[in-house]
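Close look at the chain arrangement
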Amino acid sequence: MSYPYQIKSFDQYQQVYRHSVEQPEQFWAGIASHFTWKKKWDKVLDWNFESPDVKWFVGGKLNITENALDRHLQYNGHRPAIIWEPNDPDEHHRIITYRDLHFKVVQFANVLKNNGVKKGDRVVIYMGMVPELAVAILACARIGAVHSVIFGGFSAQSIADRLQDAQAEYIVTCDGAFRGNKDIPLKGIIDDALVQCRFVKRVIVLTRTRTPVSMIKGRDVWWEDEIKKVETMGNPDCPAEEMDAEDPLFILYTSGSTGKPKGVVHTCGGYMVYTTYSFVNVFQYEQEDIYFCTADVGWITGHSYIVYGPLCAGATTLMFEGVPTWPDAGRFWDIVDKYRVNILYTAPTAIRSLMSFGLGPVHGHDLSSLKVLGSVGEPINEEAWQWFHEHIGKGKCPIVDTWWQTETGGIMISNLAGVTPARPAHATLPLPGIQPVLVDEQGNELTHEGSLSGNLCIKFPWPSIIRTTYGDHERCRTTYFATYPGKYFTGDGALCDEEGNYRITGRVDDVLNVSGHRIGTAEVENAINMHGAVVESAVVGFPHDIKGQGIYAYVIYGNMHGDENLTRQDISQTVSRIIGPIAKPDKIQFVTGLPKTRSGKIMRRILRKIAEGELSNLGDTTTLLDPGVVEEIISGRL
Ligand code: PRX
């Protein structure tokens, strides 16, 4: 397969970019024409950022699985769609061709139907990184059900919150998941979540770890038994449901600076076009390349660049069940060597963690198949960039530093591998169709000559932009479209040089980025406050060598009599129970008061500086209700 829309030179990029800005509708119609539509769109784009209301390929009808599967069958059915590497290197890997994957998706789509799932129903998927996770996702898309994948590191309470918010009556899960030397009891966690969610009608359980589970009669069924039922029905066809381009494809929950996580909604047509287009161009995917994205499908990176983008492009996507450091820190390099991986897409936190083991684990692995490296999730520091470039790419592989978000659906700012210039620690230039702009605090666009620094916004819609936050459109408006009217606000700060290269500096709101995972400070505070003896808490980020950002919690504790460390453990366990282990604080400092303004607002700026160790420049503290509290906090700093 060749891609008529693949950009091959810097000149061409500039031309295409110009066209995409001058005539966006014509530009995107041209790209979309390379996909399979059941009915062509009547209008390319309808939009306003006030409501917001954005519609792409209006009136178009399609099914994304026909693009991800059916259309490859004739010429590429024999090609590997998914290569699966198990957690345990001694277990057999699996190679699933496009024909196999199509078969499995159709089969499981029929399982969903037999269990009562209909178009528009929400299906929560809580599984480990097994190929059946991709099968479950695609089977939902096949019948028009809206999937909502929950990362395996979230707790029962987090699952219950999401099930309630999405009003999801169906769940697909596994008995357990292998991750390194751990066996996570997924079904048991689901059972705990369902105590509060009586509306769930069906739980389909795939066997993976053989961990004992309890199955509730009438509610829980085994994946394997359900497949057998479909097999006995004979011809397992399942026609792809006709979906409107703007019908929802999935909900993915993500943290914000306030309240509970919100369900970001993406729709069928625009998401398909944009993820495929960006996949092919950023990574410069060529036929027969083996592409390995190390993310988990529970996050947007896995949705867009393990499942949908690569499969719609007919690519071979490698899915890895385990973790980078098990059984040793050479596991990624082992996989690259074993499958002759050409494109490796990973996260700065993984690179930094592997760097800390030195070069020993890299040696002895043949990495010569690598052509392109990629980074996502947080700003990549120069040291990690250089290590990746020199020791993994052997100085010959372009690194794409891809900036984007759950809400953007696909990569927004990045160099195109080997086509547009790379710069260490810079995401560089916007993709065609993306119109970024920096604004000052008042919302004025920064347009003066020279390099700029401001808040990053996007001023024109792109096909995979967030459509709404599930069940609460107003929240979508206030979070993303109200801060700077007429623009989508990313929540990130950025620098931009004279040539238009962007360098993302990080969040400017109260959202933390811990190991590339987004965590809201308010969410962690709420979880800490659930601990019976906690009076109040304030959470900020601090620089962390491996995680990028660590979680620093200041806690006012009721009556501290016992061992402080035991209390810390207790608080951490509470957070783990309410959100999941990923949100556990790295440091908990007990304080007797928090710096507050006279109106009662916590001065996070001061707490952030103390956590970062920047004690000399705390700014004006005279407006505080009790300036003395700052001294106390500094002296107790961890
Ligand atoms: O702060 C930015 C950071 O990750 C945030 C988005 O997080 P999430 O929705 O979980 O998606 C992560 C994977 C796309 C952004 O607001 N971020 C992501 N990629 C980069 C980045 N920061 C700097 N450079 C990047 N390449």
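Scoring rules and cut-offs
Residues numbered from 1 in each chain as written. Predicted model: local features only at pLDDT ≥ 70, side-chain atom pairs only at ≥ 80, totals over all residues. Heavy atoms only, no water. Helix = DSSP H or I, 4+ residues; strand = E, 2+ residues; numbered from the N terminus. Rg over C-alpha atoms; globule rule 2.2 N^0.38 Å. Buried < 20%, exposed > 50% of the residue type's maximum accessible area, 1.4 Å probe, protein only. Contact = heavy atoms within 4.5 Å. Salt bridge = Lys/Arg side-chain N within 4 Å of Asp/Glu carboxyl O. Pairing = 2+ DSSP bridges. Axes fitted to C-alpha atoms, helices over the stretch in contact; angles between N-to-C directions. Near = heavy atom within 4 Å. Polar contact = N/O pair within 3.5 Å; in protein donor to acceptor, adjacent residues only side chain to side chain. Areas by Shrake-Rupley, 256 points an atom, 1.4 Å probe, with all protein chains shown as cover. Nonpolar A, V, L, I, M, F, W, Y, C, P; charged D, E, K, R; others polar. Core = buried A, V, L, I, M, F, W, Y, C linked by side-chain atoms within 4.5 Å. Phe/Tyr/Trp six-rings, centres within 6.5 Å; stacked < 30°, edge-to-face > 60°. Lys NZ or Arg CZ within 6 Å of the ring centre and 35° of its normal. Disulfide = S-S within 2.5 Å.

Helices and strands together make up the secondary structure of the chain, namely 18 helices and 30 strands. Taken over C-alpha atoms, the radius of gyration comes to 24 Å for the chain, in line with the 26 Å a tight globule of 638 residues would show. With respect to the three principal axes, the spread of C-alpha positions in the chain is 75 × 65 × 55 Å. In the chain, which comprises 638 residues, the proportion classed as buried is 61%. Within the chain, contacts between residues separated by at least 24 positions form 70% of all contacts whose residues are at least 6 apart in sequence.

One pass over the full model with this rule turns up 39 salt bridges. Notably, a salt bridge pairs Arg208 with Glu91, separated by 2.9 Å at the nearest N-O pair. Of this pair, Arg208 sits in the loop between β11 (202-206) and β12 (220-222) while Glu91 sits in the loop between β4 (80-85) and β5 (94-97), and the two are 117 residues apart along the sequence. When salt bridges that share partners are traced, they join Lys8, Glu286, Asp289 and Lys371 into one network.

With mixed pairing, 7 strands are arranged side by side in an open sheet as β5-β4-β17-β16-β18-β19-β20. The open sheet has two edge strands with one neighbour each: β5 and β20 (399-402). Neighbour-to-neighbour, the strand axes of the sheet open up by a mean angle of 20°, direction not taken into account. Examined bridge by bridge, strand β16 (residues 290-293) and strand β17 (residues 316-320) share 3 bridges and lie parallel to one another. For Ile290, the partnering residue across the bridge sits in β17 and is Thr316.

As for its position among the elements, Gln405 is in the loop between β20 and β21 (436-439). Judged by its relative accessible area of 5%, Gln405 falls in the buried class. With residues up to four places along the chain from it excluded, the contact list for Gln405 reads Ile300, Tyr488, Thr490, Asp492, Arg507 and Arg518.

The subject of this paragraph is the site of the ligand. The local shell around the ligand holds 17 residues, among which Asp401, Thr402, Thr406, Asp492 and Arg518 are the closest. For the ligand, an oxygen atom lies 2.8 Å from a polar atom in the side chain of Arg507. In the complex, 97% of the free accessible area of the ligand, which totals 540 Å², lies under the protein chains. Elements with a minimum of two residues in the shell around the ligand: α10 (300-312), β20 and β25 (502-507). Class assignment for the residues of the shell around the ligand results in 6 nonpolar, 6 polar and 5 charged.

On to the nonpolar core. Formed by 177 residues in total, the largest nonpolar core has its most connected members in Phe108 and Phe283. Broken down by element, the residue count for this core peaks at 10 residues, all from helix α5 (residues 131-143). Setting aside residues no more than four positions away along its own chain, Phe108 makes contact with Val135, Ala136, Ala139, Val172, Ile204, Trp223 and Ile227. Grouped together as the second largest cluster of nonpolar side chains are 29 residues, Trp333, Leu344, Ile351 and Leu367 included.

Let us look at the sheet that holds β21. One open sheet accounts for 4 strands, arranged β21-β22-β24-β25; its pairing is antiparallel. With partners counted over all chains shown, the strands left at the sheet margins are β21 and β25, one partner each. Put simply, the sheet's adjacent strands are angled 45° from each other on average, direction ignored.

The next subject is helix α15 (residues 521-529). Most of α15 is tucked away: 7 of the 9 residues are buried. For α15, the set of buried residues is Thr521, Ala522, Glu523, Val524, Glu525, Ala527 and Ile528. As for α15, its buried residues are in contact with β26 (511-514), β27 (517-520), β28 (534-544), β29 (548-557), α16 (564-578) and α17 (604-612).

Overall, the coordinates contain 43 aromatic pairs when judged by the stated rule. Between the aromatic rings of Trp56 and Phe57, the centroid separation amounts to 5.8 Å while the plane-to-plane angle is 45°, which identifies the pairing as tilted. Considered together, Trp56 and Phe57 belong to a single accessibility category, that of buried residues. The rings of Tyr3, Tyr5, Phe27, Trp28, Trp37, Trp41, Trp56, Phe57, Tyr274 and Tyr277 are connected pair by pair, giving a single aromatic cluster. One residue, Arg94, lies across the ring of Trp84, its end atom 5.8 Å from the ring centre.

Under the criterion given, the structure shown has 0 disulfides. Free of any disulfide, Cys397 has its nearest cysteine sulfur in Cys293, 17 Å distant. What makes Cys397 buried here is its relative accessible area of 1%. In this structure Cys457 is a free cysteine whose sulfur lies 13 Å from that of Cys496, the closest cysteine sulfur available.

Our next topic: the pairing of β4. Counting buried residues in β4 gives 5 out of 6 residues, a clear majority hidden from the surface. Where β4 lies against β5, 4 bridges are found, and the strand directions are antiparallel. Bridge pairing in β5 links Pro80 to Thr97. Note that β4 and β17 share 4 bridges and pair parallel. The residue of β17 that forms the bridge with Ile82 is Thr317.

Honestly, it's all geometry; don't read function into it.
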